[in-house]
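The residues making up each chain are set out below.
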Amino acid sequence: MLKYERYIVFVIVSTGLCIVGFIIIIRRKIGSQGEESDTEISRSTNTSQLEKVAGKGLDSPTIKMYPTTVVDESLQLPKPTDNVCPICLLEYKANDILRTIPSCAHYFHVHCIDEWLKRNATCPLCRNYY
Ligand SMILES: [Zn+2]
Ligand SMILES: [Zn+2]
């Protein structure tokens, strides 16, 4: 009976040691990965990380870098011939904020193009990649 109990204690102790060893190894692995991705996360928000994974779109910091223009009262537009947003097909009004895509100089409502660019890394008009 005593032998049997010793055997049980031995099994419990050795399994315990195995588990502790595993935890230490796993923690070290997670720790080293965590350090790398910590810098990534600090550069962009969590949501933009998800967007990057979910689609082929641009992340928010990149989109925010594109220049914006506010339509003034005289409706002076960067290109006077384009007075309609190609995404929502509404005419630009005074105080509308437009975002210009630098590579092709096409412009759109800031809220329209932001949503588009989160999902697609192309210009909705000319399909240029950035
Ligand atoms: Zn629009
Ligand atoms: Zn374009």
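Looking at an unreviewed UniProt entry, one finds the chain named RING-type E3 ubiquitin transferase, with Gossypium gossypioides as its source organism. Per its UniProt entry, the chain bears the Sequence similarities (unreviewed entry) comment "Belongs to the RING-type zinc finger family. ATL subfamily."

This part covers the sheet that holds strand β3 (residues 107–109). Pairing in this open sheet of three strands is antiparallel, and the strands run β1-β2-β3 from one edge to the other. A single partner strand is all that each edge strand has here, and the edge strands are β1 (68–70) and β3. Adjacent strand axes in the sheet meet at a mean angle of 35° when their direction is disregarded. In this sheet, β3 lies alongside strand β2 (residues 97–100) in antiparallel orientation, the contact comprising three bridges. Paired with L98 across the two strands is H109, which belongs to β3. Strands in contact with helix α4 (residues 110–119) are β1, β2 and β3; relative to β3, the strand with the most contacts, it is inclined by about 105°.

This part is about the environment of C112. With respect to the secondary-structure elements, C112 resides in helix α4. Setting aside anything within four residues of it in sequence, one finds C112 in contact with C85, I87 and C88.

A few words on α4. Every buried residue of α4 is listed here: I113, W116 and L117. Taken end-on, α4 shows its buried residues confined to a sector of 95°, consistent with a single buried face. Its buried side turned inward, α4 meets α3 (60–65), β2 and β3.

Calculation notes
- Counting from 1, residues in each chain are numbered in the order their sequence is written.
- Each chain gets a letter, beginning with A, and each ligand a number, beginning with 1, in the order they are written.
- Only residues with pLDDT of at least 70 are given local features in this predicted model, and only at 80 or more are side-chain atom pairs given and counted; all residues enter the totals for whole chains, interfaces and linings.
- UniProt positions are given in the numbering used here, feature names are shortened, and annotations may be inferred rather than shown by experiment.
- A pair of strands counts as paired when DSSP detects no fewer than two bridges linking them.
- A helix here means a DSSP run of H or I that spans at least four residues, while a strand means a run of E at least two residues long, and both kinds are numbered starting from the N terminus.
- Think of each axis as a best-fit line through the C-alpha atoms, taken over the contacting stretch in the case of a helix, with angles from 0 to 180 degrees between the N-to-C directions.
- Throughout, a residue-residue contact means that the two C-beta atoms, derived from backbone geometry, are no farther apart than 7 Å.
- Any residue whose C-beta has 12 or fewer other C-beta atoms within 10 Å is treated as exposed, any with 20 or more as buried, and any in between as partly exposed, C-beta atoms being built from the backbone.
- This arc is taken over the directions from the axis of the helix to the C-beta atoms.

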